[in-house]
Amino acid sequence: MQKVAVIGAGTMGNGIAHVFAQNDFEVNLVDISDEALDRGLNTISKNLDRQVSKGIIDEAKKEATLTNLSGSTDMATALSDADLVVEAATENVDLKLKIFGDMDRYSKPEAILASNTSSISLTQIAAVTSRPDKVIGMHFMNPVPVMKLVEVIRGYATSDETTKTIMELSEKLGKVPTECNDYPGFVSNRILMPMINEAIITLFEGVAGVKEIDTIMKLGMAHPMGPLKLADFIGLDVCLSILNVLYEGFGNPKYAPCPLLVNMVRAGKLGAKSGEGFYDYSEGPKSETVSSQFS
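So, how was this worked out
- Residues numbered from 1 in each chain as written.
- Predicted model: local features only at pLDDT ≥ 70, side-chain atom pairs only at ≥ 80, totals over all residues.
- Heavy atoms only, no water.
- 1 Å grid on protein atoms, 1.4 Å probe; cavity = no way out; pocket = protein on both sides within 12 Å on 5 of 7 lines; lining within 4 Å.
- Points joined across faces, edges and corners; volume = space filled by probe spheres on them.
- Helix = DSSP H or I, 4+ residues; strand = E, 2+ residues; numbered from the N terminus.
- Nonpolar A, V, L, I, M, F, W, Y, C, P; charged D, E, K, R; others polar.
- Domains from an automatic or database assignment.
- UniProt positions renumbered as here; feature names shortened; annotations may be inferred.
- Contact = heavy atoms within 4.5 Å.
- Buried < 20%, exposed > 50% of the residue type's maximum accessible area, 1.4 Å probe, protein only.
- Phe/Tyr/Trp six-rings, centres within 6.5 Å; stacked < 30°, edge-to-face > 60°.
- Lys NZ or Arg CZ within 6 Å of the ring centre and 35° of its normal.
- Polar contact = N/O pair within 3.5 Å; in protein donor to acceptor, adjacent residues only side chain to side chain.
- Pairing = 2+ DSSP bridges.
- Axes fitted to C-alpha atoms, helices over the stretch in contact; angles between N-to-C directions.
- Parallel < 35°, antiparallel > 145°, perpendicular 65-115°, else oblique.
- Left-handed = near helix turned anticlockwise from the far one by under 90°.

Enquirer: What is the right way to look at the layout of surface pockets in this model?
Expert: Empty space among the atoms becomes visible once a probe the size of a water molecule is rolled across them. Within this model, the second largest pocket holds a volume of roughly 170 Å³. Lining the second largest pocket are Lys211, Asp214, Thr215, Lys218, Pro224, Met225, Gly226, Lys229, Tyr279 and Glu288. At four residues, the largest contribution of residues to the lining of the second largest pocket is made by helix 9 (residues 210-221). The class makeup of the residues in the lining of the second largest pocket is three nonpolar, two polar and five charged.

Here's what the structure looks like:
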């Protein structure tokens, strides 16, 4: 397995492409527009510069990584010789099903098709392909070049051979692959999202303020980041989407998203990427200023 195509040049997609290219795979980053590709490739270049400045890699490794990277808006051509295709599009069921139909159509029969989905059923995704045994989840964590975990999700029909291949491949990337089965939210978000939702409910009910909630969880529970700040960086729309998957998948009211989260997403307050969520990011992504809505 030497050639990899990554669908989606956004935050997760360019991070996944970065890691594969840095580990000597030939990577084709695919998106629908040249502008999106340029943003993704520029982000990779800047992140490589940051690694050089920190002494993580040298200049030669940076140049080799960039040489391993290419970009394309032509999915059919980009996927034709790929050994592995990793989808990293928006967390939307209909979009992912469409993309996987295209991935199945354009990829060679022996290629493995993986999704970076953080909550959507791999079994449902695999069902739109002619190769459900070769469909698997590779849920990377953000930021991909830094975080060690890859949550490897087996769909109902995923074969032992496919799972073994992806587990070994993830180790070659310097990651720690951890296998789990295909149920709503898998492991990471089945546990994380109810905690984030409970933090939002705690704010909604006036138990404590934004900074107070985050400080208690950071200092009291040794979390590196408070749950409200973390929600902002994940994206409040993504948090809402995952909670809806959990709620619909289990039919349990404990997963019902807080009305405050629903309203914030409706209002376009999506966190760091929109400039405001529970915190105000007008001064930059490291801002600790609480949004005026909650101050």
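Enquirer: It is not clear to me how the domain arrangement of the protein should be interpreted in this structure. Could you clarify?
Expert: Often the size quoted for an interface is simply the accessible area lost on bringing the parts together. Here the protein is partitioned into domain 1 (3-181) and domain 2 (190-274). With centres defined by C-alpha atoms, the gap from domain 1 to domain 2 works out at 27 Å.

Enquirer: Hey, could you run me through the UniProt feature "binding site: NAD(+)" (unreviewed entry) in the protein in this one?
Expert: UniProt records the feature "binding site: NAD(+)" (unreviewed entry) for Gly8, Ala9, Gly10, Thr11, Met12, Gly13, Asp31, Glu91, Lys96, Ser118, Asn142 and Lys273 in the present numbering. Examined against the element boundaries, alanine 9 turns out to sit in the loop between strand 1 (3-7) and helix 1 (11-22). Residues within four places of alanine 9 in sequence aside, it is in contact with Asn14, Leu29, Val30, Asp31, Ala36, Leu37 and Gly40. Take lysine 273: its relative accessible area is 54%, and that puts it in the exposed class. What lysine 273 contacts, discounting residues up to four positions off in sequence, is Gly235, Asp237 and Val238.

Enquirer: I'm lost on the packing of aromatic side chains in this one. Help?
Expert: Each aromatic ring pair is summarised here by two numbers: the centre-to-centre distance and the angle between the ring planes. Applying the stated criterion across every chain yields a total of four aromatic pairs. Note that arginine 105 overlies the ring of tyrosine 106, its terminal NZ or CZ placed 5.9 Å from the centroid. A cation over a ring is seen here: lysine 229 above tyrosine 279, with NZ or CZ 4.2 Å from the ring centre.

Enquirer: Which parts of the structure should I look at to understand the side chain of serine 159?
Expert: Inspection of the secondary structure puts serine 159 in the loop between strand 7 (149-154) and helix 7 (160-172). Here threonine 162 takes part through its side chain, which lies 3.0 Å from a polar atom of the side chain of serine 159. Aside from chain neighbours lying at most four places away, what touches serine 159 is Asp133 and Arg154.

Enquirer: Explain the sheet that holds strand 5 (residues 112-115) here, please?
Expert: Spatially, the eight strands line up as an open sheet ordered 3-2-1-4-5-6-7-8, and their pairing is mixed. Edge positions in the sheet fall to strand 3 (69-72) and strand 8 (176-181), since each of these pairs with one other strand and no more. Neighbouring strand axes in the sheet, compared pairwise and without regard to direction, differ in orientation by 25 degrees on average. Two strands pair when backbone bridges link them, and strand 1 and strand 2 (residues 26-30) are joined in this way by five bridges, in the parallel orientation. What sits directly across from valine 4, in strand 2, is valine 27.

Enquirer: Explanation requested: helix 12 (residues 259-266) in the structure shown.
Expert: Think of an α-helix as 3.6 residues a turn; residues three or four steps apart then line up on the same face. Among all positions of helix 12, only Leu260, Leu261, Val262, Met264 and Val265 are buried. Elements that come into contact with the buried residues of helix 12 comprise helix 8 (188-204) and helix 11 (236-250). Positive backbone phi, approximately 80 degrees, marks glycine 268, located one or two places after helix 12.

Enquirer: Sorry, what's going on with the packing of helix 8 against helix 9 here?
Expert: Relative orientation and spacing of two packed helices are given, respectively, by the angle between their axes and the distance between those axes. For the pair helix 8 and helix 9, the least separation of the axes is 9 Å and the interaxial angle reads 140 degrees. On the basis of the axis angle, helix 8 is oblique to helix 9. Judged by the sense of rotation from one axis to the other, the crossing of helix 8 with helix 9 is right-handed. Residues Met195, Ala199, Thr202 and Leu203 of helix 8 form the contact with helix 9, whose participating residues are Val210, Ile213 and Met217. In terms of residue class, the contact of helix 8 with helix 9 is built from six nonpolar, one polar and no charged.

Enquirer: Looking at this structure, I do not really get the packing of helix 8 against helix 12. What am I missing?
Expert: Between helix 8 and helix 12, whose axes approach to 8 Å, the crossing angle comes to 95 degrees. On the basis of their axis angle, the class for helix 8 and helix 12 is roughly perpendicular. Contact with helix 8, carried on its side by Asn197, Ile200, Leu203 and Phe204, involves Pro259, Leu260 and Leu261 of helix 12 and no other residues of that element. Looking at the contact of helix 8 with helix 12 residue by residue, the classes come out as six nonpolar, one polar and no charged.

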